[in-house]
Amino acid sequence: MCGIVGLVSTQPVARDLISGLGQLEYRGYDSAGIALAGPGFVVRKVIGCATDLAAALRLDETAGRAGIAHTRWATHGKPEERNAHPHVYQGVAVVHNGIIENHAMLRERLVESGHVFLSDTDSEVVPHLIAEARARGAAHLDAVQQAVEWLHGAYAIAVLFADKPDHIFVAKYGSPVLIGARSGVVAVASDTIALAGLCLRYTALEDGDLAVLTPDSVRILDSFGKTASRTWELVMDREQAAELDRFEHHTRREIAEQPVALRNTDALLRGKPLPDGIAAAQRLIFVACGSSLYAAATARVWIEKLTGLPCDIEIASEYRYREAPIQAGSVAVLVSQSGETADSLACLPLFRARGVPVVGVVNVTQSTIARASDLVWPTTAGRELGVAATKSFTAQLVALLRLGVAFSQARDCDPAVRAQVVAGLTAAPMICAETEEMEPALAELAHWIAGENEALFIGRAAGAAIAGEAALKLKELSYIRAEAYAAGELKHGPIALIRQGSPVLVFAGTDALVGKTVSNAEEVRARGANVVAFTDADGASAFAGVAETVMALPGRGVGHMFAQVVALQLLAYHAALALGRNVDRPRNLAKSVTVE
Ligand code: G6P
């Protein structure tokens, strides 16, 4: 995973480099490092984040006019200083995003020829290979090219040479990387967020590209070694610095921002037509990871009702290797907040190869998935800083349901279902705000669950998918063991988990299935479970006498789903607070997972 940024300029770069690095911390934040050159050659690494790195640099070390920096999410080797990037060997400093799959073989060969390794990382082979090529007499660019020819796997690499301090060399295969520029400054970065404020325009490198950067030039060589000319785009201005306002955590602020995020997303997509090639879909294949996957699974229930189209929900990391038959007439929908998730991205070529159009439901519209999609169907949740998805999840629900409405219109499906969904979407922002007012009761429940240190979430239809998101959120934020099951599946195994007092949390609206879900709640209650029902006003009476606690949440039907989501978010947030967790940056996680 990880984020990389590099700058070569006519002025010292350390400050801008560290500010850009700070913007990339959503990709990992266990350790950080920087190499600066010209004058001198300085390398610093810390356990921690960009601000820790800034504190570790002495003023007299910050004169370099070229530099590369890295924020890490450990894949190979523990988060220790020696495993932090840049990795340096004989005056060659390298930052790397991706995974070098054949690193063990390369390391063995290099060690045999006398190279000494300092880290446990896959990335460290890269500076060694470059230094080896230099020692054979290769020029700087040739040495980088010869080194990457050895690599199998995915990489975005930036290289700084102590003996060529006014250049940065970049190589890309599999992992996204951008080149940015403005007068007197050229940059390399994992995404545009790091470039905003530093550069005015950017271009994305393609697989097999090499780039040579100086303060006033960018030379890109394609995989055939030919000079390539690429289209440049404007870098969007950095969003206003995210203030915590009255909130203690970004995650909590982002929960509160949902009404605005939903209204904006709905306004943007209302009435947006589908191009003919997409409107003609006979089947929809949703591919995603993490919360985005649960957003697709939640929306599917209504999209099938709206459109009559079969909808598949696919885990990207499985789908990319499954060799699943893709029927002609399918349309793929990649759902990704960041638009950079490696596994989701890896499914794109499968669809391309079969001529299947791709719709990108992304929050970051200058992302790799957005650039590669035939149709961008954006969420406008605004930047999400908390690692756990909150407002991006509900904004995805809005966008996906709007996509369903657009298909329903194009296919001339039942207008009554459409009206029902549109009414739910219109009501959703207010429903979120009203649910937030139930925070004290949700906090109380969260304290109880934190004490029990386990939870089982169940539901049917959309409620089953929401249960999945609830369990994920609770695990991510509080590290409590949580499971989610389709309520009807309980008796096939998970009911064995139930003991006296087990917390079982049920998501049920008043749909045709509420009676069935109440029966499932009865089954666990009969075995000692302590049942909490998240339901609507009518469901509250159905659960009376079955659930110990009935949370009667606002809204009905589609709108009510949003209330259930806000409730599960506040529950997880307060459980995390009760246990003293790092809410915005949970252990072992990263906001954007750019390795498989
Ligand atoms: C990470 C994040 C999750 C997110 C998932 C998918 O695991 O921690 O919150 O849901 O990646 O990310 P994407 O950007 O593709 O939605």
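Each value, and the rule that gives it
Residues numbered from 1 in each chain as written. Predicted model: local features only at pLDDT ≥ 70, side-chain atom pairs only at ≥ 80, totals over all residues. Heavy atoms only, no water. Helix = DSSP H or I, 4+ residues; strand = E, 2+ residues; numbered from the N terminus. Rg over C-alpha atoms; globule rule 2.2 N^0.38 Å. Buried < 20%, exposed > 50% of the residue type's maximum accessible area, 1.4 Å probe, protein only. Contact = heavy atoms within 4.5 Å. Areas by Shrake-Rupley, 256 points an atom, 1.4 Å probe, with all protein chains shown as cover. Lys, Arg positive; Asp, Glu negative; His and termini not counted. Charge placed at Lys NZ, Arg CZ, Asp CG, Glu CD. Pairing = 2+ DSSP bridges. Near = heavy atom within 4 Å. Polar contact = N/O pair within 3.5 Å; in protein donor to acceptor, adjacent residues only side chain to side chain. Nonpolar A, V, L, I, M, F, W, Y, C, P; charged D, E, K, R; others polar. Core = buried A, V, L, I, M, F, W, Y, C linked by side-chain atoms within 4.5 Å. Salt bridge = Lys/Arg side-chain N within 4 Å of Asp/Glu carboxyl O. Phe/Tyr/Trp six-rings, centres within 6.5 Å; stacked < 30°, edge-to-face > 60°. Domains from an automatic or database assignment. Axes fitted to C-alpha atoms, helices over the stretch in contact; angles between N-to-C directions. Parallel < 35°, antiparallel > 145°, perpendicular 65-115°, else oblique. Left-handed = near helix turned anticlockwise from the far one by under 90°. Expected span 1.5 Å × (residues − 1). Arc of directions from axis to C-beta.

Let's talk about the overall build of the protein chain
Turning to step 1, where the next piece is worked out: Within the protein chain, the regular secondary structure consists of 20 helices and 24 strands.
Turning to step 2, where the next piece is worked out: Scaling as 2.2 N^0.38, a compact globule of 596 residues should have a C-alpha radius of gyration of about 25 Å, and the protein chain matches this with 25 Å.
Turning to step 3, where the next piece is worked out: Each principal axis of the C-alpha atoms in the protein chain carries an extent, and together these give about 80 × 55 × 45 Å.
Turning to step 4, where the next piece is worked out: For the protein chain, the proportion of its 596 residues judged to be buried stands at 59%.
Turning to step 5, where the next piece is worked out: Within the protein chain, counting contacts between residues at least 6 apart in sequence, those at least 24 apart form 71% of the total.
Turning to step 6, where the next piece is worked out: When the accessible surface of the protein chain is summed, it comes to about 22500 Å², and 51% of that surface belongs to carbon and sulfur atoms.
Turning to step 7, where the next piece is worked out: Within the protein chain, the 65 negative side-chain charges are centred at a point lying 1 Å from the centre of the 54 positive side-chain charges.

What to know about the sheet that holds strand S4 (residues 66–72)
Turning to step 1, where the next piece is worked out: Reading across the sheet, the eight strands line up as S3-S2-S4-S1-S10-S9-S11-S14 and stay open at both edges, with antiparallel pairing between neighbours. Every interior strand has two partners, whereas the edge strands, strand S3 (41–47) and strand S14 (233–234), have only one.
Turning to step 2, where the next piece is worked out: Of the strand pairs in this sheet, strand S2 (residues 31–37) and S3 are connected by seven bridges, and their pairing is antiparallel. In the sheet register, Ala32 faces S3, and the bridge partner there is Val46.

Quick notes on the site of the ligand
Turning to step 1, where the next piece is worked out: As a matter of local geometry, the ligand sits amid 14 residues, with Ser292, Ser336, Gln337, Ser338 and Thr341 nearest to it.
Turning to step 2, where the next piece is worked out: Between Ser292 and the ligand, the recorded distance is 2.5 Å, taken from a side-chain N or O atom to an oxygen atom.
Turning to step 3, where the next piece is worked out: The separation between an oxygen atom of the ligand and a polar side-chain atom of Thr341 is 2.4 Å.
Turning to step 4, where the next piece is worked out: Protein contacts shield 90% of the accessible area of the ligand, which totals 390 Å² for the unbound molecule.
Turning to step 5, where the next piece is worked out: Considering every element that reaches the shell around the ligand, the biggest residue donor is helix H10 (residues 290–307), with three residues.
Turning to step 6, where the next piece is worked out: Taken together, the residues of the shell around the ligand sort by class into five nonpolar, seven polar and two charged.

Comments concerning the nonpolar core
When a protein is soluble and globular, its nonpolar side chains tend to lie buried together.
Turning to step 1, where the next piece is worked out: Residues Trp377, Leu400, Phe457, Phe534 and Phe562 are the most contacted members of the largest nonpolar core, which totals 84 residues.
Turning to step 2, where the next piece is worked out: Here this core gets 14 residues from one element, more than from any other, and that element is helix H20 (residues 557–578).
Turning to step 3, where the next piece is worked out: Non-local contacts of Trp377, meaning those with residues more than four positions away in its chain, are made with Leu269, Lys272, Pro273, Leu274, Val359, Gly360, Val361, Val362, Ala399, Arg402, Leu403 and Ala406.
Turning to step 4, where the next piece is worked out: With 30 residues, the next largest nonpolar core counts Ala14, Leu17, Ala69 and Ala189 among its residues.

Concerning the pattern of salt bridges
Turning to step 1, where the next piece is worked out: Counted according to the given criterion, the structure contains 32 salt bridges.
Turning to step 2, where the next piece is worked out: We note a salt bridge from Arg27 to Asp191, for which the minimum N-O separation is 3.7 Å. Of this pair, Arg27 sits in the loop between helix H1 (14–23) and S2 while Asp191 sits in the loop between strand S10 (185–189) and helix H6 (192–195), placing them 164 residues apart in sequence.
Turning to step 3, where the next piece is worked out: For Asp191, a relative accessible area of 4% corresponds to the buried category.

Here's the deal with the packing of aromatic side chains
To describe a pair of aromatic rings, you give the distance between the ring centres and the angle between the ring planes.
Turning to step 1, where the next piece is worked out: What the rule picks out here adds up to five aromatic pairs.
Turning to step 2, where the next piece is worked out: Here the aromatic rings of Tyr155 and Tyr173 are separated by 6.2 Å at their centres, their planes lie at 40°, and the arrangement is tilted. In this pair, Tyr155 sits in strand S7 (residues 153–161) while Tyr173 sits in strand S8 (residues 168–173), placing the two residues 18 residues apart along the sequence.
Turning to step 3, where the next piece is worked out: Overall, Tyr155 belongs to the buried group, its relative accessible area being 7%.
Turning to step 4, where the next piece is worked out: Between Phe457 and Phe507, the aromatic rings sit 6.2 Å apart at their centres with planes inclined by 20°, giving stacked as the arrangement. Placement of the pair is Phe457 in strand S20 (residues 454–459) and Phe507 in strand S22 (residues 503–507), with a sequence separation of 50 residues.

Details of unusual backbone geometry
Turning to step 1, where the next piece is worked out: Residue Pro39 is reached from Gly38 by a cis peptide bond, and omega for that bond is 0°.
Turning to step 2, where the next piece is worked out: Within the secondary structure, Pro39 sits in the loop between S2 and S3.
Turning to step 3, where the next piece is worked out: With omega at 0°, the peptide bond leading from His85 into Pro86 counts as cis.
Turning to step 4, where the next piece is worked out: Secondary-structure assignment places Pro86 in the loop between S4 and strand S5 (87–89).
Turning to step 5, where the next piece is worked out: A positive phi angle is found at Glu323, which is not glycine, with a value near 55°.
Turning to step 6, where the next piece is worked out: Topologically, Glu323 is positioned in the loop between helix H11 (316–322) and strand S17 (330–336).
Turning to step 7, where the next piece is worked out: You will see that Tyr479, though not glycine, has its phi angle at about 65°, which is positive.

A look at the domain arrangement of the protein chain
Turning to step 1, where the next piece is worked out: Assigned domains of the protein chain: these are domain 1 (3–234), domain 2 (247–431) and domain 3 (437–584).
Turning to step 2, where the next piece is worked out: A separation of 46 Å is found between the C-alpha centroids of domain 1 and domain 3.

Brief notes about the packing of helix H16 (residues 439–452) against H20
Between two packed helices, the angle of one axis relative to the other and the distance separating the axes together describe the packing.
Turning to step 1, where the next piece is worked out: The interhelical angle for the contact between H16 and H20, taken along N-to-C directions, is 55°, at an axis separation of 8 Å. It follows that H16 is oblique to H20 by the angle criterion. The crossing of H16 and H20 is right-handed. The segment H16 lies against H20, with Glu439, Leu442, Ala443, Leu445, Ala446, His447, Ile449 and Ala450 engaging Ala567, Leu570, Leu571, His574, Ala575 and Ala578.
Turning to step 2, where the next piece is worked out: When its residues are assigned to classes, the contact of H16 with H20 shows eleven nonpolar, two polar and one charged.

Quick word on helix H12 (residues 342–353)
Every α-helix winds through 3.6 residues per turn, so residues three or four apart in the chain are directed the same way.
Turning to step 1, where the next piece is worked out: Listed in full, the buried residues belonging to H12 are Ala342, Asp343, Ser344, Leu345, Cys347, Leu348 and Phe351.
Turning to step 2, where the next piece is worked out: Looking at the packing, one finds that the buried side of H12 touches strand S15 (283–288), H11, S17, strand S18 (358–362) and helix H13 (368–372).
Turning to step 3, where the next piece is worked out: Immediately beyond the C-terminal end of H12, within one or two residues, lies Gly355, with a positive phi of roughly 65°.

Points about helix H8 (residues 258–269)
Turning to step 1, where the next piece is worked out: The terminal C-alpha atoms of H8, which comprises twelve residues, lie 16 Å apart, in line with the 16 Å expected from a rise of 1.5 Å per residue.
Turning to step 2, where the next piece is worked out: Every buried residue belonging to H8 is among Gln258, Pro259, Ala261, Leu262, Thr265, Asp266 and Leu269, and all of these are buried. Down the axis of H8, the buried side of the element spans an arc of 165°, and every buried residue falls inside it.
Turning to step 3, where the next piece is worked out: Elements that come into contact with the buried residues of H8 comprise helix H7 (250–256), helix H14 (391–410), helix H15 (415–436) and H20.

Brief notes about the sheet that holds S18
Turning to step 1, where the next piece is worked out: If you walk across this open sheet you meet the five strands as S16-S15-S17-S18-S19, and the pairing is parallel. Every other strand in the sheet has two partners, leaving strand S16 (311–315) and strand S19 (375–376) as the edge strands with one partner each.
Turning to step 2, where the next piece is worked out: Where S17 and S18 come together, five bridges link them in parallel fashion. For Leu334, the partnering residue across the bridge sits in S18 and is Gly360.
Turning to step 3, where the next piece is worked out: Sheet strands in contact with H10 are S15, S16 and S17, and its direction is about 170° off that of S16.

Section: the environment of Ser292
Turning to step 1, where the next piece is worked out: Within the secondary structure layout, Ser292 lies in helix H10.
Turning to step 2, where the next piece is worked out: Each C-alpha atom of the pair Ser292 and Val335 lies 5.8 Å from the other, and the pair is 43 residues apart in sequence.
Turning to step 3, where the next piece is worked out: With sequence-adjacent residues up to four places away left out, Ser292 is seen in contact with Val335, Ser336, Gln337 and Gln396.

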